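Each chain is listed here by its residues.
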Amino acid sequence: NGHASMLIYALLHLSGYDLPIEELRNFRQMHSKTPGHPEVGVTPGVETTTGPLGQGITNAVGLALGERMMHARFPESVEHYTYCIAGDGCLMEGISQEAISLAGHWKLKNLIVLWDDNEISIDGPTSLATSEDQLARFAACGWHVQAIDGHDPKSIRQAIQNAKEYTQEVMNSLTQQEAAA
């Protein structure tokens with residue numbers, strides 16, 4: 001999500017990566033460590049480049065799948081969530097639907113996607129190109145879906161907690177089904 005790039009840069013700066021405040025001030029400037037989209041080899045701490053629309057959510061699905069596979073081999077040592085912030089433009093790309101569908105089919109309950117529904121894309125208002133109900137799209141693929149006020153930190157925190165609780169319920173149910181089989 002391109003307009004969330006500064007958030008990533010700020011978090012990397014605050015986490016102690018070699019990203020001084022001067023580089024944050026050089027956001028989207030030629031030859032800076034903070035280009036418009038984070039890039040491997042340019043920004044310290046960035047592990048994957050996801051510039052083209054739709055690549056962020058597809059990378060997130062791949063990372064979540066990798067985590068689930070590692071958890072299957074090392075259940076006591078690998079247990080975390082993969083978070084993704086996706087924008088309207090990201091979800092307008094066909095590759096995002098394929099990734100969303102796979103994640104739902106594979107039951108990647110360790111993946112939490114925060115969709116920034118600001119109704120804008122590179123070309124202008126999303127109404128120029130799409131009228132899809134994105135929440136219904138995710139739900140149809142088997143995702144747990146919630147709509148919240150993304151400007152309210154308490155709502156965001158509660159939604160993430162709800163997603164984690166839903167995950168535990170689903171995983172417990174799957175474990176019980178496997179034990180009964």
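Before reading on, note that the structure itself is shown above.
Residues numbered from 1 in each chain as written. Predicted model: local features only at pLDDT ≥ 70, side-chain atom pairs only at ≥ 80, totals over all residues. Heavy atoms only, no water.

(A) Inspection of empty space enclosed by the protein at higher detail. Using the criterion set out here, one finds 1 cavity of 30 Å³ or more in the structure. Approximately 40 Å³ is the volume found for the largest cavity. What lines the largest cavity is a set of 11 residues, and nearest its centre among them are Asn1, Thr50, Gly51, Pro52 and Cys90. Class assignment of the residues belonging to the lining of the largest cavity gives a composition of 3 nonpolar, 8 polar and no charged. (1 Å grid on protein atoms, 1.4 Å probe; cavity = no way out; pocket = protein on both sides within 12 Å on 5 of 7 lines; lining within 4 Å. Points joined across faces, edges and corners; volume = space filled by probe spheres on them. Nonpolar A, V, L, I, M, F, W, Y, C, P; charged D, E, K, R; others polar.)

(B) Structural view of a nonpolar patch on the surface. Taken together, the side chains of Leu7, Leu11, Ile85 and Leu114 define a hydrophobic patch exposed on the protein surface, amounting to about 310 Å² of accessible area. Along the chain, Leu114 falls in strand β2 (residues 111-116). Owing to a relative accessible area of 30%, Leu114 belongs among the partly exposed residues under this scheme. (Patch = residues over 30% accessible without salt bridge, like charges linked within 9 Å, V, L, I, M, F, W, Y side chains within 5 Å. Areas by Shrake-Rupley, 256 points an atom, 1.4 Å probe, with all protein chains shown as cover. Salt bridge = Lys/Arg side-chain N within 4 Å of Asp/Glu carboxyl O. Helix = DSSP H or I, 4+ residues; strand = E, 2+ residues; numbered from the N terminus. Buried < 20%, exposed > 50% of the residue type's maximum accessible area, 1.4 Å probe, protein only.)

(C) Representation of the environment of Glu119 within the structure. Here Glu119 is to be found in the loop between β2 and β3 (120-121). A residue is classified by how much of its surface remains accessible, and Glu119, at 52% relative accessible area, is exposed. The sequence separation of Glu119 and Val61 amounts to 58 residues, and the corresponding C-alpha distance is 23 Å. Setting aside its immediate chain neighbours within four residues, Glu119 contacts Asp88, Pro125 and Thr126. (Contact = heavy atoms within 4.5 Å.)

(D) The pattern of salt bridges, seen in detail. Summed over all chains, the structure comprises 3 salt bridges. Note that Asp18 is salt-bridged to Lys33, the shortest N-O span being 3.1 Å. Of this pair, Asp18 sits in the loop between α1 (5-14) and α2 (21-25) while Lys33 sits in the loop between α2 and α3 (55-73), placing them 15 residues apart in sequence. Taking relative accessible area as the criterion, Asp18 reaches 51% and is therefore assigned exposed. A relative accessible area of 24% means that Lys33 is categorised as partly exposed. Members of the salt-bridge network, linked through shared partners, are Glu67, Arg68 and Glu79.

(E) Here's a closer look at helix α7 (residues 153-180). Between its terminal C-alpha atoms α7 stretches 41 Å, which fits the 40 Å expected from 28 residues at 1.5 Å a residue. Looking at α7, one finds that the buried residues are Ala159, Ile160, Ala163, Thr167 and Val170. Against the buried residues of α7 lie β1 (82-87) and β2. (Expected span 1.5 Å × (residues − 1).)

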